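# Coordinate inspection notes
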Protein chains: 2
Amino acid sequence: MKARVHVMLKDGVLDPQGEAVRHALGAMGFDGVEGVRQGKVIELELADGTPEARIEEMCQRLLANTVIESYRIETL
Amino acid sequence: MKARVHVMLKDGVLDPQGEAVRHALGAMGFDGVEGVRQGKVIELELADGTPEARIEEMCQRLLANTVIESYRIETL
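Each chain carries its own residue numbering, running from 1 in the direction its sequence is written. Throughout, the order in which chains and ligands are written sets their labels, letters from A for the former and numbers from 1 for the latter. Two thresholds apply to this predicted model, a pLDDT of at least 70 for residue-level local features and 80 or more for giving and counting side-chain atom pairs, whereas whole-chain, interface and lining totals are computed over all residues. Note that water and hydrogens are dropped before the side-chain values are worked out from all heavy atoms of the structure.

### What about the overall build of chain A?
Condition: Under the scheme used here, helices are H or I runs from DSSP no shorter than 4 residues and strands are E runs no shorter than 2 residues, and both carry numbers assigned from the N terminus. Computation of the radius of gyration draws on C-alpha atoms alone. For the globule rule, the value is 2.2 Å times the number of residues to the power 0.38. Exposed residues in this analysis have more than 50% of their type's maximum accessible area, buried residues have under 20%, and partly exposed residues fall in between, with area computed by a 1.4 Å probe over protein chains only. Should any heavy atoms of two residues lie within 4.5 Å, those residues are considered in contact. Methods summary: accessible areas were calculated by the Shrake-Rupley approach with a probe of 1.4 Å, and residue burial reflects only the protein chains presented.
A count of helices and strands for chain A gives 2 helices and 3 strands. Ordered by position in the sequence, the α and β elements of chain A form the string β-α-β-α-β. Over its C-alpha atoms chain A spans a radius of gyration of 16 Å, topping by over 25% the 11 Å that the globule rule assigns to 76 residues. Its C-alpha atoms give chain A principal-axis dimensions of about 50 × 25 × 15 Å. Split into buried and exposed, the 76 residues of chain A put 41% on the buried side. Counting contacts in chain A only where the partners sit at least 6 residues apart, residues at least 24 apart contribute 68% of the total. Looking at chain A as shown, the accessible area adds up to about 4,100 Å², and 51% of this sits on carbon and sulfur atoms.

### Comments concerning the layout of surface pockets
Basically, it comes down to this: Points on a 1 Å grid, built from protein atoms alone, make a cavity when a 1.4 Å probe fits but cannot get out and make a pocket when they are open with protein on both sides within 12 Å along at least 5 of 7 lines; residues with an atom within 4 Å of a point are the lining residues. Grid points are joined across faces, edges and corners, and a volume is the space filled by probe spheres set on the points. Think of it as three bins: nonpolar holds Ala, Val, Leu, Ile, Met, Phe, Trp, Tyr, Cys and Pro, charged holds Asp, Glu, Lys and Arg, and polar takes everything else, Gly as well.
Roughly 170 Å³ of volume is contained in the largest pocket. Residue lining of the largest pocket: Val7(A), Met8(A), Leu9(A), Asp15(A), Pro16(A), Gln17(A), Gln38(A), Gly39(A), Lys40(A), Glu69(A) and Lys40(B), and that is the complete set. Considered class by class, the residues forming the lining of the largest pocket number 4 nonpolar, 3 polar and 4 charged.

### Points about the environment of Asn65(A)
You can see Asn65(A) is positioned in the loop between helix 2 (52-63) and strand 3 (69-75). In the structure, Asn65(A) is positioned 56 residues away from Leu9(A) in sequence and 9.0 Å away in space, judged by C-alpha atoms.

Below, the structure written as structure tokens:
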């Protein structure tokens, strides 16, 4: 089975990478870009039947820094 | 309007970051993790009515390195 984990900085946490992308898009002539946030997506190839609680544990312990990041699990 | 761009390394391109995550999960006792690929997700806050072709152009010119990365656009 496959699972996809989306990890984003929480609202209110400064995102310099996203800010750099926003600035670069503006400098390249793309108008109307009001905000950019950049995050990670992690695609996991797991043994069939891995319970979502197990993936949740992976997120809590390794994949996300839950102090500043939020995550969302999507099983495919 | 909001758009989300997913950028992943193409199949066959080595992903050392994903490989490191796979190794770390194994070392932490998570069995059955057969593969990990790590990519980026970029959330854009755009002016209403921005055509998808415009977002496509952003991907081609800045957001993805199309030699080694593929991207997927999702408008929300």
